Every structure is written in structure tokens, then in C-alpha cells.
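Examination of the molecular architecture
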Amino acid sequence: PIAIDDIGCFEDIPFILLKQKNNLFSRSTEIIKESGYTPNVIQYVEQLATAYRFCLDGIGATFIGSKLLESEKKIDDRITLFSFNTNTAVREFSAVINKDRYLSNSLKQFMAFTQNYYL
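Being a predicted model, the structure only gives us computed values, none of them experimental.

Take the nonpolar core next. Counting 15 residues, the largest nonpolar core has Ile7, Phe15, Leu18 and Phe63 as its most contacted members. Only strand S2 (14-18) and helix H1 (23-35) provide two or more residues apiece to this core. In contact with Phe15, other than residues within four places in its own chain, are Ile7, Phe10, Tyr37, Pro39, Asn40, Val41, Ile42, Gln43, Ala61, Thr62 and Phe63. The next biggest cluster of nonpolar side chains, apart from the first, holds 6 residues, and it includes Tyr52, Cys55, Leu56 and Leu68.

See below:
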């Protein structure tokens, strides 16, 4: 990805954003707010995959998570990836469990898998 410091360089590009109930909506609007500009949002969609496909079809730019990109076999030649130098772009996960609770082997394996996948 091409690292950029200010999303304001996209001011003339139409955007596809996720709807408000999605965590990526909150993070993307915070990144936009940090930049101080108002994007040309042409569509709000429910699913990240929909926004990504619209982007592939040249309809507009969108924010996507790294896990979606990792699930693709290769990065499609129709897109250019940009990364933002902001902590807002980082998603933090938390899981809690009672420290006195018995942990089955299945739960321990799940926890190890999850840590390896996300860390």
C-alpha cells in the first residue's frame, strides 16, 4: 500500500461508505473528520464486501480492512491500496473471560487460533 498522511487528497473522488451500524463506518468517519474535509459520499452500503466490489467496478473509493484483503488470492489490478498514518485505522479487539473459569481444550485452541489470526 501507498502510505499517506491526509485523506484530503481524495476530495474529488466519490466514496462508498458502510452504514452507521458498522464499526468501520465509525472509524472511517473519524479518519475523515481528522482530515478536515467532507468526502463526496455517493452510496452507503451494508456489507464491506459490497463496498469492495463497487470499488473494483470503478464506482468509488472505500475503506476496507486488511483481513478482507488477506482473504483475496491476490490484490486486484483494478485498485490501488492506500494506508493512513493514524491510530484510528487500527481496530482493537478485546475478549474477556472469567479468570476462575475452567478452560476446555477446545476453548484454549480457539483462543490460540484467534490470537495468532489477529495478532
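Here we come to the pattern of salt bridges. Evaluated as defined, the whole model comprises 4 salt bridges. With its nearest N and O atoms 3.3 Å apart, the salt bridge here joins Glu46 to Lys19. On the criterion of sequence distance, the pair formed by Glu46 in the loop between strand S3 (40-45) and helix H2 (48-56) and Lys19 in the loop between S2 and H1 is long-range, its members being 27 residues apart. Owing to a relative accessible area of 35%, Lys19 belongs among the partly exposed residues under this scheme. Two residues, Asp57 and Arg78, come together in a salt bridge whose shortest N-O distance is 3.8 Å. Of this pair, Asp57 sits in the loop between H2 and helix H3 (66-71) while Arg78 sits in the loop between H3 and strand S4 (82-84), and the two are 21 residues apart along the sequence. Residues joined by salt bridges that share partners form a network here, namely Lys19, Lys21 and Glu46.

Turning to the pairing of S3, a few remarks are in order. With 5 bridges joining them, S2 and S3 adopt parallel strand pairing. Note on S3: the bridge partner recorded for Leu17 is Tyr44. Regarding topology, H1 serves as the crossover connection from S2 to the parallel S3, and that connection is right-handed.

Rules used in this analysis
- Residue positions are given per chain, counted from 1 along the sequence in the order it is written.
- Owing to the predicted nature of the model, reporting of local features is limited to residues with pLDDT of at least 70; listing and counting of side-chain atom pairs is limited to 80 or more, with chain, interface and lining totals taken over all residues.
- No hydrogens and no water enter the side-chain calculation; it runs on all heavy atoms of the structure.
- Note on terminology: a nonpolar core comprises buried Ala, Val, Leu, Ile, Met, Phe, Trp, Tyr and Cys residues joined through side-chain atoms within 4.5 Å.
- Buried means the residue's accessible area, taken with a 1.4 Å probe over protein chains only, is under 20% of the maximum for its type, while exposed means over 50%, and partly exposed covers the values in between.
- Here a helix means four or more residues in a row that DSSP labels H or I, a strand means two or more in a row labelled E, and each is numbered from the N terminus.
- Two residues form a contact once any of their heavy atoms are found within 4.5 Å.
- Note on definitions: salt bridges are taken to be side-chain nitrogens of Lys or Arg within 4 Å of carboxyl oxygens of Asp or Glu.
- Paired strands, in this sense, are two strands between which DSSP finds at least two bridges.
- Here the term right-handed applies to a crossover when the path leading from its first strand over the helix to its second strand runs clockwise, the strands being oriented away from the viewer.

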